[in-house]
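The primary structure of each chain is shown beneath.
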Amino acid sequence: MTLQEKWKIQRERKAFLALADGSIFYGYSMGAPVDSFGEVVFNTSLSGYEEILSDPSYAGQFVTLTETEIGNVGVNSADMESEKFQAAGLLVQQINADSNWRSEESLVNALKRFGIPALAGIDTRALTLLLREKGTVKGFICTSGKVTPEEGVAKAKAWNGLDGIDMVESVTCKKPYEFSDDFASDFGMPKELPPADLKLVAYDFGIKKNILRNLRMQGFRVTVVPAYTPANDVLAMKPDAVFFSNGPGDPAGVRDAVQNAKAILGKVPVMGICLGHQILGLANGAQTGRLKFGHHGGNHPVKFLDTGRVMVTSQNHNFAVLENSIDSEILEVTHVNLNDQSIEGFRSKKVPMIAVQFHPEAAPGPHDSNPFFAECRKLVLENKR
Ligand SMILES: N[C@@H](CCC(=O)O)C(=O)O
């Protein structure tokens, strides 16, 4: 059977992605047989589909992978960035059978087990060009056969999208927990850990496991707390530092976060990554807004203004701190994106605080920016002195 013939059958089966701009992409349903709404983004990473799908920051989004051969290494428990797949849907050119000694399960199985719809046979190049042209678009994936493509477009148009919505609620932990050292047995991690001599409380807006690992590797004993934990409760734990994590959706929609950040800044050193960076921007009087189609991938060049050094970074964000909203008396921009000059990091001029928009923990992606975690430790030690 030719690909075209397969697609024709699929059209008859009515598995498709409908976009709010009226476009329809037909594909084969390879994941859970459910329908779903999502904002459609594209990710240019060549590897790491498991880490991407299990990154809580992707909640509410359909991920289009521009890499065409997906699924080859399967899925395994060590590479999960959270307990489950979090993206609202997956759009790919092809899903292959798994063939790797680390695979515990095929990608198709995992998608079904986690209830995530996926379409293969998508013309991902055309879809990516459309997203670059029009920006992030609202979409509807239909695999149930219960909705016509025209109805799908109407549904995508009518859906509110993620602006102003608190997506963190669906991914944050329900109660506090201490990050365990057991991860040391995971693949690629050092067996010997430094003593955990600094106490850190991490706000969980959808925290990735590799951030926790990297903090632990810098000697932080990390207690993770739910996103809405009042600042006073966090300060009562007498931490040496407080961390604001990555997470899904619009930073301005996250309940209590900016207020809590304001109450903590200046009391103990504060660090943030991605959504955490955006929340700390808001807490310092800056504003956030949408990028046209976001940054999602492992090849984003960022200049560290302190040294002039350029790092290739892993990124995943649709929102950003707006440059012209920054008060230069309060914040000093430390990192700039060389593709579009957007803000990629800042420090406070008033209190101990550093934050970056990119993902220094990678997972997946290059490790150029990993020294950020050593900077976190340095900031805390300097403040203790
Ligand atoms: N949800 C935020 C941040 C993503 C993250 O923290 O990884 C955005 O899309 O801009």
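Residues numbered from 1 in each chain as written. Predicted model: local features only at pLDDT ≥ 70, side-chain atom pairs only at ≥ 80, totals over all residues. Heavy atoms only, no water.

Here the focus is the site of the ligand. Residues in close proximity to the ligand total 13 residues, the closest being Ser57, Gly247, Gly249, Cys274 and Phe319. Contact distances for the ligand include 2.6 Å between an oxygen atom and a side-chain N or O atom of serine 57. Here an oxygen atom of the ligand and a side-chain polar atom of glutamine 278 are 3.0 Å apart. Contact with the protein chains hides 99% of the accessible area of the ligand, taken as 300 Å² for the molecule alone. Within the residue set of the shell around the ligand, elements represented by two or more residues are helix H9 (275-283) and strand S17 (309-321). Ranked by residue count, the leading element in the shell around the ligand is S17, at four residues. (Near = heavy atom within 4 Å. Polar contact = N/O pair within 3.5 Å; in protein donor to acceptor, adjacent residues only side chain to side chain. Areas by Shrake-Rupley, 256 points an atom, 1.4 Å probe, with all protein chains shown as cover. Helix = DSSP H or I, 4+ residues; strand = E, 2+ residues; numbered from the N terminus.)

Because each turn of an α-helix spans 3.6 residues, side chains separated by three or four positions in sequence point in the same direction. For helix H10 (residues 372-384), built from 13 residues, the straight-helix expectation of 18 Å at 1.5 Å per residue is met to within 8% by its first-to-last C-alpha distance of 19 Å. Residues of H10 that are buried include every one of Phe372, Phe373, Cys376, Arg377, Leu379 and Val380, and no others. Relative to the axis of H10, the buried residues are bounded by an arc of 155° and lie together on one face. (Expected span 1.5 Å × (residues − 1). Buried < 20%, exposed > 50% of the residue type's maximum accessible area, 1.4 Å probe, protein only. Arc of directions from axis to C-beta.)

Next up on the list: the UniProt feature "binding site: L-glutamine" (unreviewed entry) in the protein. Mapped onto the present numbering, the UniProt feature "binding site: L-glutamine" (unreviewed entry) falls on Ser57, Gly247, Gly249, Leu275, Gln278, Asn316 and Phe319. Despite a sequence span of 263 residues, these residues sit close together in the fold, their greatest C-alpha distance being 13.1 Å. Along the chain, the position of glutamine 278 falls in helix H9. Aside from chain neighbours lying at most four places away, what touches glutamine 278 is Pro251, Thr288, His317, Phe319, Ala320, Val321 and Gln357. Inspection of the secondary structure assignment puts asparagine 316 in strand S17. According to the relative accessible area criterion, asparagine 316 is buried, its value standing at 6%. Excluding residues within four positions of it along the chain, asparagine 316 makes contact with Asp55, Ser57, Tyr58, Cys274, His295, His296 and His359. (UniProt positions renumbered as here; feature names shortened; annotations may be inferred. Contact = heavy atoms within 4.5 Å.)

Here the focus is the pairing of S17. Of all 13 residues in S17, ten are buried, a share of seventy percent or more. As judged from the eleven bridges shared by strand S16 (residues 288-304) and S17, these two strands associate in the antiparallel manner. Looking across to S17, one finds that glycine 289 is bridged to alanine 320. Hairpin connection between S16 and S17: a loop of four residues separates the two successive antiparallel strands, and glycine 308 in this loop has a positive phi of roughly 80°. (Pairing = 2+ DSSP bridges.)

For the bond from alanine 363 to proline 364, the omega torsion is 5°, close enough to zero to count as cis. Looking at the element boundaries, proline 364 is found in the loop between strand S20 (353-356) and H10. The phi torsion at cysteine 274 lies on the positive side, around 55°, for a residue other than glycine. Counting through the fold element by element, cysteine 274 comes out in the loop between strand S15 (270-273) and H9. A relative accessible area of 2% places cysteine 274 in the buried class. One non-glycine residue, alanine 363, lies in the positive phi region at around 55°. Relative to the assigned elements, alanine 363 resides in the loop between S20 and H10. Residue classification places alanine 363 among the buried residues on the basis of a relative accessible area of 11%.

This next bit is on the pairing of strand S18 (residues 331-337). Of all seven residues in S18, five are buried, a share of seventy percent or more. Examined bridge by bridge, S16 and S18 share three bridges and lie antiparallel to one another. Paired with lysine 303 across the strands is valine 336, a residue of S18. The sheet contact formed by S18 and strand S19 (residues 343-348) spans five bridges and is antiparallel. The partner of valine 336 across the bridge, within S19, is isoleucine 343. Hairpin connection between S18 and S19: a loop of five residues separates the two successive antiparallel strands, and glutamine 341 in this loop has a positive phi of roughly 65°.

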